[in-house]
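Below, each chain spelled out in residue letters.
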Amino acid sequence: MEYRFRSASVSKIASSINTDDVNQIINSPFNPLISDEGFSLLSNNSDKLFCFQYLREVPITYGEYNNGYCKRTEKVIRETNFQLDLENKMMIIFSGKKQSDFLLKRLSNIFGISFYVLEIDFQKLLNLLTNSKFIVRSEQAVINGFNYGDLMVGKYIANIKDKEILLSVIAKYGKKVEKIKLSLESYDGNTSSITIHKNGSFLFKNCRKDNIDIIIHFVHHIDSGDL
């Protein structure tokens, strides 16, 4: 599978999920003659790591001028790639939050699979990254519920270029910090700018294949309890 994406969301899956549940997804292939949605198995690694594509037929309406203006409707197929990791009990959806939430709801309704929001502890995350293969630089923090002497109240977007200051802001405002933006540089010189939401959503500045290495690095440490 070619991993090129800007957005991804990570969720926990119930510990009871096994290959029988995954087989339900495999046995629900996309066939537009039968249903407007379905799945395609892209890869399977030792019955532990499954990569799927969710396909959904949706109508789109557009305007067309041909001796007068008229509206036309046609159907297109939307694709969403996702990965089920049975060993670490994690699911990664390579899409934005809106489409990710929709897919989670469909999987839950169709197959009865339970998912849980992954709440990231930013302080633990930064401590993890400090001792990782990345050089970490602070960029930004978004505080929802910022209050400065009751004179300034609301959502505050703070550009913070010092990692220690970012850590102090996180320590002070706790769960009010809803997302942070970091610059991660690997030791081979590749730099990635990434916005990390508290609910496990990730947004990269660029669509590139090595984004998956960063996501997998996070997922591995989430599973081991370090994050």
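Our subject in this report is the structure included herewith.

**What to know about the overall build of the chain**
Inference 1: What the chain contains, in helices and strands, is five helices and eleven strands.
Inference 2: Each principal axis of the C-alpha distribution contributes one length, and for the chain these read about 60 × 55 × 35 Å.
Inference 3: Residue burial in the chain is summarised as follows: out of 227 residues, 42% are buried.
Inference 4: For the chain, the computed accessible surface area is about 12,800 Å², with 46% contributed by carbon and sulfur atoms.

**Here's the deal with the pairing of strand β8 (residues 152–159)**
Inference 1: Pairing of strand β7 (residues 134–148) with β8 involves eight bridges; the strand directions are antiparallel. Looking across to β8, one finds that Asn144 is bridged to Lys155.
Inference 2: Between the end of β7 and the start of β8, which pair antiparallel, lie three residues, with Gly149 showing a positive phi angle near 55 degrees.

**Examining unusual backbone geometry**
Inference 1: Its identity is not glycine, yet Ser46 carries a phi of approximately 55 degrees, on the positive side.
Inference 2: When its relative accessible area of 61% is taken as the criterion, Ser46 is described as exposed.
Inference 3: Residues other than glycine seldom take positive phi values, yet Asp47 does so here, at roughly 55 degrees.
Inference 4: Turning to its location among the elements, Asp47 is positioned in the loop between β2 (37–45) and β3 (49–65).
Inference 5: Judged by its relative accessible area of 43%, Asp47 is partly exposed.

**Quick look at helix α3 (residues 122–130)**
Inference 1: Listing the buried residues of α3 in full gives Phe122, Leu125, Leu126, Leu128 and Leu129. Buried positions in α3, seen along its axis, are confined to an arc of 160 degrees and lie on one side of it.
Inference 2: The N-capping residue of α3, defined by a side-chain oxygen 3.0 Å from the backbone nitrogen of Gln123, is Asp121.

**Focus: the nonpolar core**
Inference 1: Of all hydrophobic cores here, the largest spans 39 residues; its most connected members are Ile180, Leu182 and Ile196.
Inference 2: Here Leu182 is in contact with Leu126, Leu129, Val136, Arg137, Ser138, Glu139, Leu166, Ser192, Ser193, Ile194 and Ile196, once residues within four sequence places are set aside.
Inference 3: Listed in part, the 20 residues of the second largest apolar core include Ile13, Phe39, Phe82 and Leu104.

**Brief notes about the pairing of strand β4 (residues 69–85)**
Inference 1: Bridge analysis of β3 against β4 gives 17 bridges, and the strand direction is antiparallel. Note on β4: the bridge partner recorded for Glu57 is Ile77.
Inference 2: Where β3 folds back on β4, the antiparallel hairpin that results is connected by three residues, among which Asn67 adopts a positive phi of roughly 60 degrees.
Inference 3: Hairpin geometry of β4 and strand β5 (residues 90–93) is characterised by an intervening segment of four residues between the two adjacent antiparallel strands and by a positive phi of about 55 degrees at Lys89.

Here is what the cut-offs are and how they apply
Residues numbered from 1 in each chain as written. Predicted model: local features only at pLDDT ≥ 70, side-chain atom pairs only at ≥ 80, totals over all residues. Heavy atoms only, no water. Helix = DSSP H or I, 4+ residues; strand = E, 2+ residues; numbered from the N terminus. Buried < 20%, exposed > 50% of the residue type's maximum accessible area, 1.4 Å probe, protein only. Areas by Shrake-Rupley, 256 points an atom, 1.4 Å probe, with all protein chains shown as cover. Pairing = 2+ DSSP bridges. Arc of directions from axis to C-beta. Polar contact = N/O pair within 3.5 Å; in protein donor to acceptor, adjacent residues only side chain to side chain. Core = buried A, V, L, I, M, F, W, Y, C linked by side-chain atoms within 4.5 Å. Contact = heavy atoms within 4.5 Å.

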